[in-house]
Amino acid sequence: MADLSNLAQFMGDLDEEGVLGIIDKLVEEGAGANEGNEAIMELQKGMNTVGDLFEKGEYFVGDLIFAGEILTEAIEKCKPLIAGTTTEKLGVMVLGTVHGDLHDIGKNIFKNMVEIAGFEVHDIGIDQAPEAFVDKIKETGAGYVGMSGVLTLALDSMRETVDALKEAGLRDKLKVIIGGNCVTAEACKTIGADAWTTNAAEGVRICKGWAGK
Ligand code: B12
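The structure presented is a predicted model; accordingly, all values stated were derived computationally and were not measured.

> Sorry if this is basic, but what is going on with the sheet that holds strand E2 (residues 119–128) here?
Hydrogen bonds along the backbone pair up the strands of a sheet, which may run parallel or antiparallel. Spatially, E2-E1-E3-E4-E5 is the arrangement adopted by the five strands of the open sheet, whose pairing is parallel. Since the sheet does not close on itself, it has two edges, and those belong to E2 and strand E5 (195–197), each with one partner. Taken pair by pair, the neighbouring strands of this sheet meet at an average axis angle of 20°, ignoring direction. Alignment of strand E1 (residues 91–98) against strand E3 (residues 144–148), held across five bridges, turns out to be parallel. Across the sheet, the residue bridging to Gly96 is Met147, located in E3. Where helix H5 (residues 105–117) meets the sheet, it contacts E1, E2 and E3, and its direction lies at approximately 170° from that of E2.

> So what exactly am I meant to see when it comes to the coordination of the cobalt atom of the ligand here?
Note on metal sites: the ideal angle is 109.5 degrees for four tetrahedral donors, and 90 or 180 degrees for six octahedral donors. Of the protein atoms, His103 (NE2) alone serves as a donor to the cobalt atom of the ligand, at 2.3 Å. Turning to its location among the elements, His103 is positioned in the loop between E1 and H5.

> I'm lost on the packing of helix H4 (residues 61–82) against H5 in this one. Help?
The relative placement of two packed helices is expressed as an angle between their axes plus a distance between the axes. For the pair H4 and H5, interaxial distance at closest approach is 11 Å and the crossing angle is 10°. By the angle class used here, H4 and H5 are roughly parallel. Contacts from Gly68, Leu71, Thr72, Ile75, Lys79 and Ile82 of H4 reach H5 at Ile105, Ile109, Asn112, Met113 and Ile116. In the contact of H4 with H5, the residues fall into seven nonpolar, three polar and one charged.

> Help me out: how do you make sense of the site of the ligand in this one?
Taken together, the neighbourhood of the ligand is formed by 36 residues, with Gln44, Glu55, His103, Ser148 and Thr152 sitting nearest. A distance of 2.9 Å separates a nitrogen atom of the ligand from a polar atom in the backbone of Gly51. The separation between an oxygen atom of the ligand and a polar main-chain atom of Ile105 is 3.4 Å. Secondary-structure elements contributing two or more residues to the shell around the ligand are helix H3 (33–55), H4, H5, E3 and strand E4 (175–179). The greatest single-element share of the shell around the ligand, amounting to seven residues, is contributed by H3. Tallied by class, residues from the shell around the ligand come to 17 nonpolar, 15 polar and four charged.

> Which parts of the structure should I look at to understand the pairing of E4?
A regular strand carries its side chains on alternate faces of the sheet. The buried count for E4 comes to four of five residues, which makes it a mostly enclosed element. Across five bridges, E3 lies against E4 in parallel orientation. Counted as the bridge partner of Gly146 is Ile177 from E4. A crossover links E3 with its parallel partner E4, the connecting element being helix H7 (residues 153–167), and its sense is right-handed. As judged from the three bridges shared by E4 and E5, these two strands associate in the parallel manner.

> In this structure, what is going on with the packing of aromatic side chains? I would like to understand it.
How two aromatic rings sit relative to each other is set out by the distance from centre to centre and by the angle between their planes. Tallied over the full model, the rule gives two aromatic pairs. Every member of this aromatic cluster is reached through a ring pair, and the members are Phe119, Tyr144 and Trp210.

Reading the values: the criteria
- Residues numbered from 1 in each chain as written.
- Predicted model: local features only at pLDDT ≥ 70, side-chain atom pairs only at ≥ 80, totals over all residues.
- Heavy atoms only, no water.
- Pairing = 2+ DSSP bridges.
- Helix = DSSP H or I, 4+ residues; strand = E, 2+ residues; numbered from the N terminus.
- Axes fitted to C-alpha atoms, helices over the stretch in contact; angles between N-to-C directions.
- Contact = heavy atoms within 4.5 Å.
- Donors = N, O, S within 2.8 Å, 3.2 Å for Na, K, Ca; no water.
- Parallel < 35°, antiparallel > 145°, perpendicular 65-115°, else oblique.
- Nonpolar A, V, L, I, M, F, W, Y, C, P; charged D, E, K, R; others polar.
- Near = heavy atom within 4 Å.
- Polar contact = N/O pair within 3.5 Å; in protein donor to acceptor, adjacent residues only side chain to side chain.
- Buried < 20%, exposed > 50% of the residue type's maximum accessible area, 1.4 Å probe, protein only.
- Right-handed = clockwise from strand over helix to strand, strands pointing away.
- Phe/Tyr/Trp six-rings, centres within 6.5 Å; stacked < 30°, edge-to-face > 60°.

Written out as structure tokens, the structure reads:
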């Protein structure tokens, strides 16, 4: 199997050739879902390094953008690895990045994976106000809600969204999962979500569990 040990380092160094070289090798070898998920977690580690270097003033916004581009390309290539053939429908989910937050790479990874698992996903996009979640849930009759965010302020937006679900009388009929680099067990409790994760594959396992699978 392709050696993934340098993947996080290459991602952190914004070494596009290095990252895509490893991913191409993985695809050529016909790697499976486990390796695909492992590669995504290594890329995520590398993105944390990018974030740390940005905070230290060594990387700039342009570097964040470039990192996002490399990651998106790598994830596109990984898609066939994690693709399945599920035809069974497990449930309907409304998914979005919460108000004030424009980050969507992690959300898109989770979207792909949870769709492959059998959920019908209505992705409402980025920077979505609580009302947008409420409206889409009413429109689709969704039983699951996924909220994504990586900015610290996203935690407030997630709490406001859960409050809006309560006000609309929807909360008790829904399973709510939050994800993104900023979420924690403590935040999950404060927000009033049912589950949290910083790992898309784990998020899929949780949702499948709720659907009895
Ligand atoms: C790439 C990036 C950007 C790109 C985003 C491109 C895009 N289309 O998303 C751009 C350049 C646009 C950007 C902009 C900004 N960014 Co930025 N960005 C990042 C960076 C480096 C990586 C984020 C990322 O994609 N990670 C990789 C993905 C795969 O990880 P993930 O999102 O956690 O997702 C995984 C899981 O969490 C999970 N998941 C995600 N969502 C969901 C949802 C559900 C339901 C489930 C189950 C699972 C799940 O699945 C994924 C796969 O496992 C982070 C650093 C970091 N450590 O996060 C900073 C970071 C988030 N950014 C930061 C900042 C400050 C900004 C800007 C304010 C910069 C500026 N001055 O303009 C703006 C903010 C714009 C806004 N209002 O949102 C800070 C946030 C600080 C804070 N505490 O709030 C960070 C932490 C960098 C830092 N250390 O300073 N950024």
